[in-house]
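# Geometric and topological summary
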Protein chains: 2
Amino acid sequence: MLDKIGEYEFIAEPFHCDFSHQLMLGHLGNSMLNAADYHSNDRGYGMEYLNTVHRTWVLSRLTIEMDTLPKAYDKFKIATWVEGAMKYFTSRNFAVTSSEGQTLGYGRSIWAMIDTNTRQPVDILAVRDGLISEYIETEKPCPIKKSSRVKIEGESVLKRTIDTYYNDVDINGHINSVKYIEHTLDLFDLDFYKEYRLRRCDVAYVAESHQGDKLNFYVQQNADEYLVRITKHSKNSAEEVEVVRILLKFVKE
Amino acid sequence: MLDKIGEYEFIAEPFHCDFSHQLMLGHLGNSMLNAADYHSNDRGYGMEYLNTVHRTWVLSRLTIEMDTLPKAYDKFKIATWVEGAMKYFTSRNFAVTSSEGQTLGYGRSIWAMIDTNTRQPVDILAVRDGLISEYIETEKPCPIKKSSRVKIEGESVLKRTIDTYYNDVDINGHINSVKYIEHTLDLFDLDFYKEYRLRRCDVAYVAESHQGDKLNFYVQQNADEYLVRITKHSKNSAEEVEVVRILLKFVKE
């Protein structure tokens, strides 16, 4: 049996780094999703197997909290493990370290499983007789706060509305989870990033959107925290539907 | 001395693939630029050395022509070599193969070198006593047509104007070369890509643009070929300046 914890090496590609030579957070999030994908496939409960039984993982929450971001050309490692698995949700953690073993930051995520025909949640523990339960790792620390539900109360301001295009769409035909993060970070301009560094982001995925949907970004600022609520307007529908909520915590550089 | 040809392995990451499970062309272009970067750094005439003498490479043209694109999870290799070096331009080729050695496609590129203080072209052969000349490879075939200058005559139609944001900007503070390709491919929607596959794209980089610039996309269609002219409107300037020209050749799937 494979180790409960899987570790994967990545490189901070120069064209994935921003003006400060640090890896952009969207690309780091993408590497975390890759690590999750490799880890679960290698252990028999990943997308590769699930696709054969018309099931798939759906990302429900993603939190990334970084002390330090890898710089251009740096190799870094992402360790990932499943911390808990219940009938309808599983929690997966991430630890990001430099190639010398220094801690750079952590991540947390929550996933559901759906039937790809009905799009309804299914029992995670029914897959391969609860195979995932054999890989629960509770000893390895993940010393960051649990993912927030990102509850939004009070006034927020519509900051931007964007169209969604071909490059926003993932392999499943939905807007890519990481693209929501990138579009949200794009609400702030280069001058802002020269002064502030994103320390933590909590993303709560509420509904799917598709190419052609318009996405609306509502922003509420509380000191260095920004709550962003993303809604969609689909073609041929006047209804406005919430798709993602994001909480961003910046620190002054 | 290292081989004249360098070969680098990549993986078609699942979240970099489109609805057809094929690697998106922008991500392939990014891998080519990485291969060029690794190859030139390893041989002593890359950005790493150039930055110490306030010089840098500037991409002038990039052509990608693919028979087959890697599919999600496929490993693939990019071989790259310098085909020729003159005072102000050098040409670098790419061969993309599957991990079993099957040819998937090719690339061509042309680069200039500039002084990062004056932004003026400098003599490539003056760097390290013409070190790059020792690595010219003329035997390896690159059986695709030379990069086109992408001359645009006649009527083209303004198809879209976009703003540029934080995620568009590269390590040098300019709009990332690959982002122009992605924004151009975004002019076509998912339904179009269900019918047509991009076989070749020629990109001519004319000027730089910066975050905050508005980019205008003018399109001219000639059968399955699309000529796209990208201009910028910078803040505090009414002037419209050409930045990139792209020729796209699609084939019916």
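Residues numbered from 1 in each chain as written. Chains lettered and ligands numbered in written order. Predicted model: local features only at pLDDT ≥ 70, side-chain atom pairs only at ≥ 80, totals over all residues. Heavy atoms only, no water.

## What about the domain arrangement of chain A?
Residues and elements named next belong to chain A. For chain A, the assigned domains read domain 1 (6-135) and domain 2 (157-252). For domain 1 and domain 2, the distance between their C-alpha centroids amounts to 20 Å. Facing 18 residues of domain 1, the contacting portion of domain 2 comprises 19 residues. Here domain 1 meets domain 2 over a buried area of about 1,700 Å², counting both sides, of which 53% is carbon and sulfur. The salt bridge partner of Glu65 is Arg200, with a shortest N-O separation of 2.8 Å. Our enumeration of links across domain 1 and domain 2 arrives at 12 residue pairs in polar contact (both at pLDDT 80 or more). When residues of the side of domain 1 that touches domain 2 are traced back to their parent elements, those giving at least two are helix 1 (25-42) and strand 2 (55-66). Residue contributions to the side of domain 1 that touches domain 2 peak at eight residues, all from strand 2. (Domains from an automatic or database assignment. Contact = heavy atoms within 4.5 Å. Buried area = accessible area lost by both parts, 1.4 Å probe. Salt bridge = Lys/Arg side-chain N within 4 Å of Asp/Glu carboxyl O. Polar contact = N/O pair within 3.5 Å; in protein donor to acceptor, adjacent residues only side chain to side chain. Helix = DSSP H or I, 4+ residues; strand = E, 2+ residues; numbered from the N terminus.)

## Some remarks on the environment of Thr231(B)
Residues and elements named next belong to chain B. Tracing the backbone through its elements, the reader meets Thr231 in strand 9 (residues 225-233). By relative accessible area, Thr231 is classed as buried at 1%. Sequence spacing of Thr231 and Thr161 is 70 residues, and the spatial spacing of their C-alpha atoms is 9.4 Å. What Thr231 contacts, discounting residues up to four positions off in sequence, is Lys214, Leu215, Asn216, Tyr218, Glu240, Val241, Glu242 and Val243. Looking at Thr231, its side chain comes within polar contact range of the side chain of Glu240, at 2.7 Å. (Buried < 20%, exposed > 50% of the residue type's maximum accessible area, 1.4 Å probe, protein only.)

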